[in-house]
Amino acid sequence: MDFLRPATWEEALAVKAEHPTAVPIAGGTDVMVEINFDHRRPEYLVDLNRISELQDWHVGEKTVQLGASVPYSRIMEELRAELPGLALASHTVASPQIRNRGGVGGNLGTASPAGDAHPALLAADCEVEVESQARGSRLIPIDAFFTGVKRNALEADELIKSVHIKKAEGPQQFSKVGTRNAMVIAVCAFGIALHPETRTVRTGIGSAAPTPIRAKAAEEFLNAALEEGGFWDNGKIITPSIAKRFAELCSGAANPIDDVRGTASYRRHAVGVMARRTLGWTWESYRGKSRGTEGVA
């Protein structure tokens with residue numbers, strides 16, 4: 001196994017063009033596990049840690065451009081206001097040591113159904129910026145990024161440069177079920193984001209389908225119910241019947257399996273519970289903000 005250490009982004013793209021099968025490594029929190037357990041033995045590793053721009057971010061008017069290697073700990077500490085759902089998800093990632101190393105780019109590159117960042121990214125809405133030496137850069141909508149179990153829309157010569165995430169305009173929440181409170185792969189996870197400007201709600205489900213997914217039927221139902229009931233304007237409490245139906249549709253969107261961490265039936269049930277709870281939390285926060293008594297969750 002050869003270890004390649006480009007000093008610049010341009011050098012990294014050249015290395016990837018010359019060695020399309022090379023595996024990028026930054027935090028190494030997923031890649032090194034696979035190598036240590038002999039699940040993967042790549043011919044080349046491309047170390048991206050010398051490329052400082054991957055660890056930077058830029059807060060714009062509508063979006064945050066988050067470098068692929070920005071550690072979860074920095075997201076938690078410095079981007080909680082702009083990306084509250086992702087900050088909450090970052091809190092649940094493994095241990096402090098791993099949160100200091102791992103980043104969203106690695107999570108997306110691995111494309112595991114259980115990736116902690118994925119439900120929050122789906123709910124917030126974002127685009128993944130990738131680049132190759134031959135074709136330049138392009139933006140992949142998050143809804144089109146996950147193509148199969150641990151597969152994504154990257155071409156062989158492309159690298160993830162950054163993620164363009166919509167800034168929170170309303171409350172966001174993230175919930176995760178695991179067998180303990182730390183150092184655990186999700187049994188299932190759920191993210192939700194309110195988008196008051198467009199009067200829509202987006203969701204994200206993790207570890208309950210072959211890929212991270214949105215509960216689109218649940219979103220459509222809830223968006224219609226909120227609009228028809230005038231909830232965005234009157235700030236009323238969401239009725240139990242609406243919350244129950246939303247939870248049922250979120251459960252129905254899941255397509256889980258039985259494995260060592262949990263059964264398919266438990267995952268479906270847990271997704272529904274998380275959906276109902278996080279909807280309640282985010283809507284209460286929205287109501288509080290509209291009354292001027294609370295802030296964004």
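Residues numbered from 1 in each chain as written. Predicted model: local features only at pLDDT ≥ 70, side-chain atom pairs only at ≥ 80, totals over all residues. Heavy atoms only, no water.

Looking at an unreviewed UniProt entry, the protein carries the name FAD binding domain-containing protein, with the source organism given as Streptomyces luteolus.

A. The side chain of R267, seen in detail. Locating R267 in the fold gives a position in helix α11 (residues 264-290). Here G262 takes part through its backbone oxygen, which lies 2.9 Å from a polar atom of the side chain of R267. Leave out the neighbours within four places in its chain, and R267 touches V187, C188, S207, A208, P256, I257, D259, R261 and G262. (Helix = DSSP H or I, 4+ residues; strand = E, 2+ residues; numbered from the N terminus. Polar contact = N/O pair within 3.5 Å; in protein donor to acceptor, adjacent residues only side chain to side chain. Contact = heavy atoms within 4.5 Å.)

B. Geometry of helix α4 (residues 84-91). Counting buried positions along α4 gives 6 out of 8 residues, so the element sits mostly inside the fold. Of all the positions in α4, only P84, G85, L86, A87, A89 and S90 are classed as buried. (Buried < 20%, exposed > 50% of the residue type's maximum accessible area, 1.4 Å probe, protein only.)

C. View of the UniProt feature "domain: FAD-binding PCMH-type" (unreviewed entry) in the protein. In this numbering, the UniProt entry assigns the feature "domain: FAD-binding PCMH-type" (unreviewed entry) to residues 1-170. With 29% helix and 26% strand, residues 1-170 has end C-alpha atoms that lie 47 Å from one another. (UniProt positions renumbered as here; feature names shortened; annotations may be inferred.)

D. Inspection of the confidence of the model for the protein at higher detail. Chain-level pLDDT for the protein is 95 on average; 98% of the residues reach the 70-or-more range. Confidence over residues 293-297 falls short of pLDDT 50; this stretch has 16 contacts with residues more than four positions distant or in other chains. (pLDDT = per-residue confidence, 0-100.)

E. Representation of the sheet that holds strand β5 (residues 63-67) within the structure. Strand order across the open sheet formed by 5 strands is β4-β5-β10-β6-β7, with antiparallel pairing between neighbours. The open sheet has two free edges, formed respectively by β4 (57-59) and β7 (136-141), since each of these has just one partner strand. Here the strands of the sheet are splayed against their neighbours by 20° on average, with no regard to which way each runs. Examined bridge by bridge, strand β6 (residues 126-132) and β7 share 6 bridges and lie antiparallel to one another. By the bridge assignment for β7, S132 is matched with G136. Those strands touched by helix α1 (residues 9-18) are β6 and β10 (159-166), and its axis lies near 120° from that of β10. (Pairing = 2+ DSSP bridges. Axes fitted to C-alpha atoms, helices over the stretch in contact; angles between N-to-C directions.)

F. Representation of the pairing of strand β12 (residues 188-195) within the structure. In terms of burial, β12 is a largely internal element, 8 of the 8 residues being buried. By the alternation rule, side chains of β12 split into C188, F190, I192 and L194 and A189, G191, A193 and H195, which are all buried. As paired elements, strand β11 (residues 172-177) and β12 share 6 bridges and run antiparallel to each other. Following the sheet pairing, V177 is matched in β12 by C188. Of the pairings in the sheet, the one linking β12 to strand β13 (residues 200-206) comprises 7 bridges and is antiparallel in character. Each residue of the ladder has a partner; that of I192, found in β13, is T203. The loop that links β12 with its antiparallel partner β13 comprises 4 residues; one of these, R199, has a positive phi angle of about 55°.

G. Local environment of the pattern of salt bridges. On inspection of all chains with the given rule, the structure shows 22 salt bridges. With a shortest N-O distance of 3.2 Å, E34 and R40 are connected by a salt bridge. On the basis of relative accessibility, which here comes to 17%, the residue E34 falls in the buried class. Residue R40 is classed as partly exposed on the basis of its relative accessible area, which comes to 32%. Linking D233 and R199 is a salt bridge whose minimum nitrogen-to-oxygen distance equals 2.5 Å. Taken together, the residues span a long stretch of sequence, with D233 in helix α9 (residues 231-234) and R199 in the loop between β12 and β13 at a distance of 34 residues. Judged by its relative accessible area of 59%, D233 is exposed. Under the relative-accessibility criterion, R199 is labelled partly exposed at 29%. Residues participating in the shared-partner salt-bridge network are D125, D143, K166, R202, R214 and E219. (Salt bridge = Lys/Arg side-chain N within 4 Å of Asp/Glu carboxyl O.)

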